[in-house]
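Notes for the structure review
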Amino acid sequence: MTEFSPRYLKDYQAPDYKISNVNLTIQLDDTKTIVTNVMDVTKASEHQRALVLDGEHMQLKSVMVNDTKLDRSQYQLSDSTLSIANLPEQFILTITTEINPVANTALEGLYKSADVYCTQCEAEGFRRITYFLDRPDVMAIYTTKIIADKTSFPFLLANGNKIEQGELANNLHFVTWHDPFPKPCYLFALVAGDFELLTDTFTTKSGREVNLELFVDKGNLSRSEHAMASLKKSMLWDEQQFNLEYDLDIYMIVAVDFFNMGAMENKGLNVFNSKFVLADDLSATDDDFFNVEAVIAHEYFHNWTGNRVTCRDWFQLSLKEGLTVFRDQQFSADMHSSAVTRIKNVKIVRAQQFAEDAGPMAHPIRPEKVMEMNNFYTLTVYEKGSEVIRMMHTILGDDAFKAGIELYFERHDGQAVTCDDFVAAMSDASNTCLSQFKYWYSQSGTPVLIVSDDYHEETNTYQLTIEQSHPQTHDKQEKQNLHIPVNFELISNDENDNQQGLLHCKQQKQTWTFENVSSKPVPALLGNFSAPVKLNYHYDDQALNTLMVNAADEFNRWDAGQKLFAGYIKQLINNPELELPLQVASALEQVLLSNADNAFKAEQLVLPSFDEMAAAIDEVNSGALVRAISILKRFIAQQLQSHFLHTYQSLCTSEFAKDGQAIGNRALKNVCLDYLALLDSANELALNQFKQANNMTDQLAAIKVAAVNDLRCFEDVMVEFARQWQGNTLVMDKWFTINALHNNENVVQRIIGLLEHPEFSIDNPNRARALIGAFAFYNSKYFHHQDGSGYEFLFAQLVKLNTINPQVASRLITPLIQFKSFDKTQQKLMKAELEKLSRLDNLSRDLIEKLDAALQ
Ligand code: B3K
Ligand code: ZN
C-alpha cells in the first residue's frame, strides 16, 4: 500500500501566516478553468519560516509576491504543497492555477454536475481550486468574480452579496460577489448554470428582509416549494428557540444531482443534493418530505453553529456537527411527533453508531488521529456528537443550556474554536462542573450499564445499582468512568407510588435508595434515550408488558416492546424451533387497539432491524439472524392477521393528505401490509396497493413488500414502476434500490445486470448508493450469503469507485470492515475481500485508512 501519514490532534499548531482578504477571479471552462487568487498575507508572529500552502490536482501557472513574479527557483512545489521562503511581514500574494472540472469525478473542489459547475470545499477541497492555507482557523473575507459563457451559464453565484455584474466580449459575462463575514475556505462556494428559480422573502425579527432564492434544474420548480417552506420554518424556529437571526441579505440554495453527501452549508450559498430539495406529492414519500425539511434546517442552522463560530481544526468537527444535528433533531421534534422523531434518531444510533464503535474505525466524537478527514464525517461525530450535546441539555436543563449557547456566541462569534471552548461556555453559564462529562469527547466506545435492584418489603425501600462498564475498542484506548445521565421511572402496582427523575451515574458502581415504595417496582431506565449506552438488566416478559402499557415516557413504552422482541429474536437464533408464547402477539394486539397516535403505533409494531440486532449481539451468524427475525415476524403476522387486516382496510382511504395524522395513518397501514405480506393474500394486497396508490409512500411500500417477500407480482410491478417514472432521477434511485433488496438467490446477478442499465451510472453517488449501497447495507440476507458472492460483488464495485470517487468508495466499504460482528466463517470471507483490496496499487487515502484499521 502507498504510505500516507496520519495527523494528530496533539500536534496542533496555530498558523504561521494569516490571510485576511481573498480576491478570486475564476474564468470557467470545462477542462481549463483559470483561477487567479489575490491574497493579503501577514506573518502571524515574528519568524522566518516559509509559507507552505496546500494544493492538489491542479496546474500552477504563476506566483507573484507584491508586484514581482517569482521564478521557478523562488518556490518549491510538491504533489500537495507550494512553499515560498524569504517573505516580508506583509505582502500581496497572487497565484494563478488551472483546473479541469470535467475530469473531477471525486466531486471535491470545482466539478461539473451535469451542466452545472459547482464546488464542494469541506473538508479540504479548496486546495483543489487554488493554493491556500486550507485549514479552518484561517479566516478571510472573500470577493469572487466569476466569468463564464452567458448563454450556458446565465446564473453565476458565490457567497455573500452581489456587488457587480456585466458583459464581456465573446458572449461572456461576469458577476462579482462579496462576503463581508470572515470565513474559513471550506465555506467558499461557487455555482454556475442555468436554472429555474423559486424566490421568497423572510423578515427577521429585527425587521430585516432577506431574499430567499432556490435554484433547481429546469422542470423542477413545482417540486421545490416544500424546501422553501422548510427554510422559512427553520429561520423562524432558530429565532424563537435560540434568538438567532440570519445575517446576510440573501440566502441561496442550489440543488445538484451529483453530490457526495446530503448538502453543504457554504455561507449564503448552500449546495444541496437534489434528493434533499425536490419533493412533490406524487414522487416523494413521507420520509422524503421529512428529510428535506430536516436537511434544509440542518444547513440553515449551521449559519450560526459552524459558520459564525467555526472549528479551530478538523478534529473539532463535532463542535459544529454534533451541535447542529442536535438542533435539527429538536426542530424536527417540534414540527412532528416528538416521540416518533426521537425513536428515529435512536434507531440510527443503536444500529449504526454502535456498530461503528464496535468496528475498526471506532473513534471518539473528537478524534485524535486522522489520515483522510472525509472519513470522519461519521455517525460517531454526527449522531453520537448530537447525543453528547443532548446529554448536556438533559444535565443542565433547557434554560441553562440556552444560557450556555448565548455565552458561547458572546465569547466566540467570528472565531474558530474548540469543543473545550463550547463546554466551558456551557459550564460557566450554568455553574456546573462538566470536567468528568468531558470524557465523552475523548473516549470511544459504547458504555454498558449493568443494572441490578433489590426491593425491601420490610422498609418499603427499593435499591437500584448501576455499574458502568467500558468494553475495549479497536483503538485500544484506556477508558474512564463517564458522567452518564439516566432518566428513570419506577412503575409500581399502585400508580401513586410511581417515581421518576434523573440519576447522575459518575462512579464505576453506584446505588440509589428510594423510600416509600410499597411494592417492587419495574424500573424504566434511559427514558428518551438519555445517554448513548447499552443497558444490561434482566426484564421478564411481564415487566416489559407493564412498561409497554404504563411507562409515562413514550420512548420507554416503545423501547420495552423492542426489548421484548429482541429477547425472542436472540432465543430464536439458537433455537428456531422455539415455541413462541402468545403474549408476544397479545402485547402487540394491545398496541393495535390502544388509542395512541398511528405514527407511534407504527413504530411500536416494527421489529428491531437486522442492524440493530447485529449491534447488540456478538459473532452474529447472519443467516440465523435473518431467519430468527422472520420467524418472529411470521408468528406475529399469523396471530394478529385479522387485526392487521382490519386496521389495514380501515386506513385505505382514497383521499391524499399530508398532515401529521395522514402521515401516521400511512405509516401504520404500511406496517400492517408488511406483516400481511407474509401471509396468503400477500400478492393480491401488494398488487392492489400498487395499482391504487396515489402517493409515493404507498406505491413504494407496495413494491418493497413485493421485493422483500419475492412476491409473484414483483417483476410486473417493477416494469410498470420504471415505465411510469423513467426520467425522474430521484424516483429511479428508489427503483434501483428496490431491485437491490430483492429477496431472491439471483439478486447479485440481477444487480450486475443493472450496472449496464442505461439509467445507471456509477459516477453519480446517489445512483451508486441506491444500487450498490442498498444491497450492501440493507439486503443482509444476500450480502452476507455464505457463498461469499455478496462480498465479492462489493469488492468489484469498490475497485471501480476507488478511482472514480474515493469518498463514495469509503462509505460503501463500511459493511465489509465491520466483519468482527460476524461469526468466524463470515469473517474469513469478508477479510479475504478486504485483503484483495489492500493489494491494489492505486488505493485512495480514504480506503487505505479504513483497510489499515480493519486488517491491522
Ligand atoms: N458539512 C457538510 C458535510 C461535509 C462533508 C465533507 N466530506 C454537511 C453537513 O454536515 O451539514
Ligand atoms: Zn452539518
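Given the structure is predicted, the values throughout are model-derived calculations rather than measurements.

Once that is clear, we can look at the coordination of the zinc ion (ligand 2). Protein coordination at the zinc ion (ligand 2): the donors are H298 (NE2), H302 (NE2), E321 (OE) and E321 (OE), at 1.9 to 2.8 Å from the metal. Here the zinc ion (ligand 2) binds six donor atoms, and the angle range of 51 to 162° at the metal identifies the geometry as irregular. Motif for the zinc ion (ligand 2), donor spacing along one chain: H-x3-H-x18-E. Here the residue H298 occupies a position in helix α2 (residues 286-301), and E321 occupies one in helix α3 (residues 317-335), the gap between them amounting to 23 residues. You'll find H298 and E321 in the same group, each marked buried.

Where helix α24 (residues 789-804) meets helix α27 (residues 824-838), the closest approach of the two axes is 10 Å, and the angle between their N-to-C directions is 20°. If you check the angle between α24 and α27, you find them roughly parallel. Handedness of the α24/α27 crossing: right-handed. Together, Y791, E792, F795, L798 and V799 of α24 and Q826, L829, M830, E833, K836 and L837 of α27 make up the contact between the two elements. Classifying every residue of the contact of α24 with α27 by side-chain character gives seven nonpolar, one polar and three charged.

Feature annotation in UniProt places "domain: Aminopeptidase N-like N-terminal" (unreviewed entry) on residues 23-187, given in this structure's numbering. In this annotation, residues 23-187 is assigned 0% helix and 55% strand; the end-to-end C-alpha distance for the span is 15 Å.

Ligand 1 sits among 15 residues. The nearest are E122, E265, E299, N374 and Y382. At 2.6 Å from a nitrogen atom of ligand 1 is found a side-chain nitrogen or oxygen belonging to E122. Between an oxygen atom of ligand 1 and a side-chain N or O atom of E321, the distance comes to 3.0 Å. In isolation ligand 1 offers 340 Å² of accessible surface; the protein chains occlude 95% of this area. Here the shell around ligand 1 is built from residues that sort into six nonpolar, four polar and five charged.

Another point: the packing of aromatic side chains. Note on aromatic pairs: each is described by the distance of the centres and the angle between the planes. Using the criterion set out here, one finds 38 aromatic pairs in the structure. Measuring from ring centre to ring centre gives 4.9 Å for Y117 and F153, while their planes differ by 45°; the resulting arrangement is tilted. On the criterion of sequence distance, the pair formed by Y117 in strand β11 (residues 116-120) and F153 in the loop between β12 (139-149) and β13 (155-158) is long-range, its members being 36 residues apart. Each member of the aromatic cluster is reached from another via a ring pair, and the members are W237, F242, Y246, Y251, Y300, F301 and F331. Here the guanidinium or amino end of K112 rests over the ring plane of Y117, the centre of that ring lying 4.9 Å away. Cation over ring: R327 sits above F242, and NZ or CZ is 5.2 Å from the ring centre.

Of the consecutive residues E122 and A123, the connecting peptide bond is found in the cis state with omega at 0°. Along the chain, A123 falls in the loop between β11 and β12. Even without a glycine there, the phi angle at N170 is positive, about 60°. Tracing the backbone shows N170 in the loop between β14 (161-167) and β15 (172-184).

What counts and what doesn't
- Residues numbered from 1 in each chain as written.
- Chains lettered and ligands numbered in written order.
- Predicted model: local features only at pLDDT ≥ 70, side-chain atom pairs only at ≥ 80, totals over all residues.
- Heavy atoms only, no water.
- Donors = N, O, S within 2.8 Å, 3.2 Å for Na, K, Ca; no water.
- Tetrahedral: all angles 85-135°; square planar, octahedral: opposite > 155°, others 65-115°.
- Helix = DSSP H or I, 4+ residues; strand = E, 2+ residues; numbered from the N terminus.
- Buried < 20%, exposed > 50% of the residue type's maximum accessible area, 1.4 Å probe, protein only.
- Axes fitted to C-alpha atoms, helices over the stretch in contact; angles between N-to-C directions.
- Parallel < 35°, antiparallel > 145°, perpendicular 65-115°, else oblique.
- Left-handed = near helix turned anticlockwise from the far one by under 90°.
- Contact = heavy atoms within 4.5 Å.
- Nonpolar A, V, L, I, M, F, W, Y, C, P; charged D, E, K, R; others polar.
- UniProt positions renumbered as here; feature names shortened; annotations may be inferred.
- Near = heavy atom within 4 Å.
- Polar contact = N/O pair within 3.5 Å; in protein donor to acceptor, adjacent residues only side chain to side chain.
- Areas by Shrake-Rupley, 256 points an atom, 1.4 Å probe, with all protein chains shown as cover.
- Phe/Tyr/Trp six-rings, centres within 6.5 Å; stacked < 30°, edge-to-face > 60°.
- Lys NZ or Arg CZ within 6 Å of the ring centre and 35° of its normal.

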